[in-house]
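# Residue-level structural notes
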Amino acid sequence: EHPEIDKLPSPEELKGKVLLKAKNLYVSEGERIRTKEVVLDTESSSTETSTSDSDIAQEARAELRRAKTQNIEAIKELKEEFRKARNVFNRVRGHHQVPEKSVTTALVGAATATSTAIAEPPIKSDKQDIKVKMSAALVALLVYTVGVKCRGINKKETYAPEHVFSLSENTANKIMKQGMMDLIKHNKDHLVRIYPKGLRLNSTNYLPHRYWAAGAQLVALNWQTFDLGTMINHAMFQRNGRAGYILKPEALRLPDKGVLARRTPHHLDVTIISAQQLPRPKDSTGHEIIGRNIVDPYVEVSIYTPDWSHFSFPSPSSGSSSPLLSPLGSNGSGTPRAITARTSSVKNNGFNPIWQESLRLSFECAANLLDLVFVRFTVLRDGENDGEPIAVYCVNLASLAMGYRHLPLHDSQLCQYLFSTLFVKCSLQDG
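Residues numbered from 1 in each chain as written. Predicted model: local features only at pLDDT ≥ 70, side-chain atom pairs only at ≥ 80, totals over all residues. Heavy atoms only, no water.

### So, the overall build of the protein
Counting its secondary structure elements, the protein contains six helices and 16 strands. When burial is assessed residue by residue, the protein has 39% of its 431 residues classed as buried. When the accessible area of the protein is evaluated, it comes to approximately 25400 Å², of which 53% is carbon and sulfur surface. (Helix = DSSP H or I, 4+ residues; strand = E, 2+ residues; numbered from the N terminus. Buried < 20%, exposed > 50% of the residue type's maximum accessible area, 1.4 Å probe, protein only. Areas by Shrake-Rupley, 256 points an atom, 1.4 Å probe, with all protein chains shown as cover.)

### A few points about the pairing of strand β9 (residues 297-305)
Where burial is concerned, most of β9 is hidden: eight out of the nine residues are buried. For β9 and strand β13 (residues 374-381), the ladder comprises eight bridges, and the chain directions are antiparallel. Of the residues in β13, the one forming a bridge with Ile303 is Val375. (Pairing = 2+ DSSP bridges.)

### Section: the nonpolar core
Within the largest apolar cluster, 79 residues are counted, with the highest numbers of intra-cluster contacts made by Leu260, Ile272, Phe311, Phe363, Leu369, Phe377 and Leu422. Looking at which element gives the most residues to this core, the answer is helix α4 (residues 169-186), with seven residues. Each residue touching Phe377, except ones within four places of it in the same chain, is listed here: Val270, Ile272, Glu300, Val301, Ala391, Val392, Tyr393, Val395, Leu407 and Leu422. In terms of nonpolar packing, the next biggest core, distinct from the first, is built from five residues, Tyr26, Met134, Val139 and Leu142 among them. (Core = buried A, V, L, I, M, F, W, Y, C linked by side-chain atoms within 4.5 Å. Contact = heavy atoms within 4.5 Å.)

### Some remarks on the pattern of salt bridges
For the structure on display, the rule yields eight salt bridges. Two residues, Glu157 and Arg151, come together in a salt bridge whose shortest N-O distance is 3.0 Å. Among the salt bridges present, the one from Glu169 reaches Arg200, with a minimum N-O distance of 2.7 Å. Of the two residues, Glu169 is situated in helix α4 and Arg200 in the loop between β6 (191-195) and α5 (209-212); the sequence distance between them amounts to 31 residues. Each member of the pair, Glu169 as well as Arg200, is classed as buried. (Salt bridge = Lys/Arg side-chain N within 4 Å of Asp/Glu carboxyl O.)

Right under this line is the structure:
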């Protein structure tokens, strides 16, 4: 029997361990995990947990309903067979004088035998395999991550520390709109998983930092699609030595929610100096475009921030920065924000262009959560906005080293080019 857990262990305590997340079919959602007595139902040949009287009554009523349905269907079939037999009897009555009473008696006797055979359950062999709901060995592995159904996030609903529930993209958006702070508070001592909605027929991705800002630890993506959401996820987990684990920002871990009330304006000054050994243009399949070796490249710099409005705190009255924030996508409510600036294009030099241009991108940050702000550098071909980019680089703003540096460039599949770099100078200023 597992001991009761008051709180989840720290990541340091979980080093070297593998957490298995699954639903425990022997444990109800409102109870802590524990081993229940397993009893065998010899009639149904299934393994079930010991249940209360009310559960037994519900199962009995369900069995009764199924038996009635089977009897009704059997009676209908017998009536149809009786009708067919009566028609045949009427046709041959003139040739064979069989008493009607004997025929009727025979049919009724056959019907009674058939009904009895249907009503009685088949005799099952003792050697028949017994089906179980869940392996006992698997149940024993569910210690810190037991899957349950979300019953809402409020003061009335309580969850054990080991309870984990999954929220679809739409459900998570609804909860964040109604009470972002409740979700952040819940995620301080519970694990939550977010997954894409089923209507993403092309397997596109949302921007995961929107849900990281709500404290969600597990944000699932469609890995078969390399888009902006995949780039942000890749940039996030390039940190910490690519160990696959990133500590949640301190503001999302502290009990004092007033920390999230602070909003500060910032300015990212970027000087795009030059690029070195840019690759040849490629199409969406990754093949080089023949006849387009000479291009007019330019650089686009974008900053992506979560939607801080869900933190339910008013913006500072001194600096209304709403003109600086343009919604990403057609729907401006509840979407992450994007701030974009670009250089001019360099004519007929797609190998080592020189720009020497300065850009300023102004944005707003809540609780100094620079870990959840991402910067993307994109080298594009002038005149082909819908085409594949020549090269990209996405980085977490907290990991972007200030000063002069060469940024490694990747293709649209996030594979790094060996010798292609972007020479820039970066500076982060407080507003």
